[in-house]
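What follows is each chain in one-letter form.
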Amino acid sequence: MPELRDTAGTSRRPLIFDGVSISLQETPLVSLSARIDAGEVVSVMGPSGVGKSTLLAFAAGFLAPAFHASGDVRLGDQSITSLPTAARRLGLLFQDALLFPHLSVAGNLAFGMPTSRHRRQRREVIDQALSDIGLEGFGERDPATLSGGQRARVALMRTLLSSPQAMLLDEPFSKLDATLRQEMRELVFGRIREYGLPALLVTHDRADAEAAAGPIIELSSASTGQTTSTWRSAQHARR
């Protein structure tokens, strides 16, 4: 298994949403106050347009200027709300794998790795990472030659090799077939728990949220039909 954990400390800081509120043209969209502990996945569910991905965009630092947001996002005691996206140290997984087409599989994995490692060390970590996800010997492959499931695994490992402090998941399983979807749920949530990363998942699929085995927060559209959402319920999917 590749060494992905930080050496500076043995515990992860929680991801905290402190009074976060987002609106569009003075219309409230979503509000959240929550603490996501190490290894925990909080799932935000709801139909399209209720503000799920908008909440994730605010946390990641790329909320569109048309939106107004207030509140604070923190990693432990450190506010990251005003930091640029790259400085927030949040790992992102999207619906598409978004691998760089001009880089090999190994090049994609190396992209976000700390530059402090020597070239040989980086290669050893990459080789071990590929072996860990069942893609041993795939380092020189063109990403275009990979299957959907293989691309998804490479995207996950690229994110983990960047040494994130928390994870943001934007419907990462929605474009996979049923068999691959279940396989990737087990892989993603297993790695999150193993590395002790707090994670926020936005999804419209209840099976995703149940597989995450953490708190579920449901959003619903307002009766007016506007792009407004309200908290409907919050529960634990743990059995």
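A. Molecular detail of the overall build of the protein chain. Counting secondary structure elements, the protein chain contains six helices and 10 strands. Split into buried and exposed, the 239 residues of the protein chain put 48% on the buried side. Taking the contacts inside the protein chain whose residues are at least 6 apart along the sequence as the reference set, 67% of them involve residues at least 24 apart.

B. Focus on the side chain of R88. Mapped onto the fold, R88 is located in the loop between β5 (78-79) and β6 (90-93). Here R88 is buried and forms no salt bridge, its nearest opposite-charge partner D72 lying at an N-O distance of 8.1 Å. A distance of 3.2 Å separates the side chain of R88 from the backbone oxygen of F58, its partner in a polar contact. Here R88 is in contact with F58, A59, A60, G61, L75, I80, T81, S82 and L83, once residues within four sequence places are set aside.

C. Region of the structure containing unusual backbone geometry. For R89, which is not glycine, the phi torsion reads 55° and is therefore positive. Relative to the assigned elements, R89 resides in the loop between β5 and β6. On the basis of relative accessibility, which here comes to 38%, the residue R89 falls in the partly exposed class.

D. Focus on the confidence of the model for the protein chain. With 86% of its residues at a pLDDT of 70 or more, the protein chain shows a mean pLDDT of 85. Of all the helices and strands in the protein chain, strand β10 (residues 229-236) carries the lowest mean pLDDT, 37, while β5 carries the highest, 97. Confidence drops under pLDDT 50 across residues 1-10; counting only partners more than four residues distant or on other chains, this segment forms 24 contacts. Predicted confidence is poor over residues 222-239, with pLDDT under 50, and the contacts of this stretch with residues over four places away or in other chains come to 47 contacts.

E. Spotlight on the pattern of salt bridges. This model, assessed by the stated rule, comprises 13 salt bridges. One salt bridge connects R153 with E183, and the closest N-O pair in it is separated by 3.9 Å. Separated by 30 residues along the polypeptide, R153 in helix α4 (residues 148-161) and E183 in helix α5 (residues 178-195) bring together distant segments of the chain. Accessibility expressed as a relative area gives 15% for R153, which makes it buried. With a relative accessible area of 34%, E183 lands in the partly exposed category. Here the salt bridges share partners, and the residues they tie into one network are D18, D72 and R74.

F. Focus on the environment of A209. With respect to the helices and strands, the residue A209 is situated in helix α6 (residues 206-212). For the pair A209 and V42, spaced 167 residues apart in the sequence, the C-alpha separation amounts to 8.1 Å.

G. The arrangement of α4 in detail. Here α4 spans 20 Å end to end across 14 residues, near enough to the 20 Å set by a 1.5 Å rise per residue. Taken together, the buried positions of α4 are G149, Q150, A152, R153, V154, A155, L156, M157, R158, T159, L160 and L161. For α4, the secondary structure elements touched by its buried residues are β6, α2 (105-111), α3 (119-132), β7 (166-170) and α5. Two residues or fewer after α4 comes S163, characterised by a positive phi angle close to 55°.

H. The arrangement of the environment of A211 in detail. Among the secondary structure elements, A211 is positioned in helix α6. Distance in space between the C-alpha atoms of A211 and V41 is 9.7 Å, their sequence separation being 170 residues. Those residues in contact with A211 that lie beyond four places of it in its chain are R185, F189 and R193.

About the thresholds
- Residues numbered from 1 in each chain as written.
- Predicted model: local features only at pLDDT ≥ 70, side-chain atom pairs only at ≥ 80, totals over all residues.
- Heavy atoms only, no water.
- Helix = DSSP H or I, 4+ residues; strand = E, 2+ residues; numbered from the N terminus.
- Buried < 20%, exposed > 50% of the residue type's maximum accessible area, 1.4 Å probe, protein only.
- Contact = heavy atoms within 4.5 Å.
- Lys, Arg positive; Asp, Glu negative; His and termini not counted.
- Salt bridge = Lys/Arg side-chain N within 4 Å of Asp/Glu carboxyl O.
- Polar contact = N/O pair within 3.5 Å; in protein donor to acceptor, adjacent residues only side chain to side chain.
- pLDDT = per-residue confidence, 0-100.
- Expected span 1.5 Å × (residues − 1).

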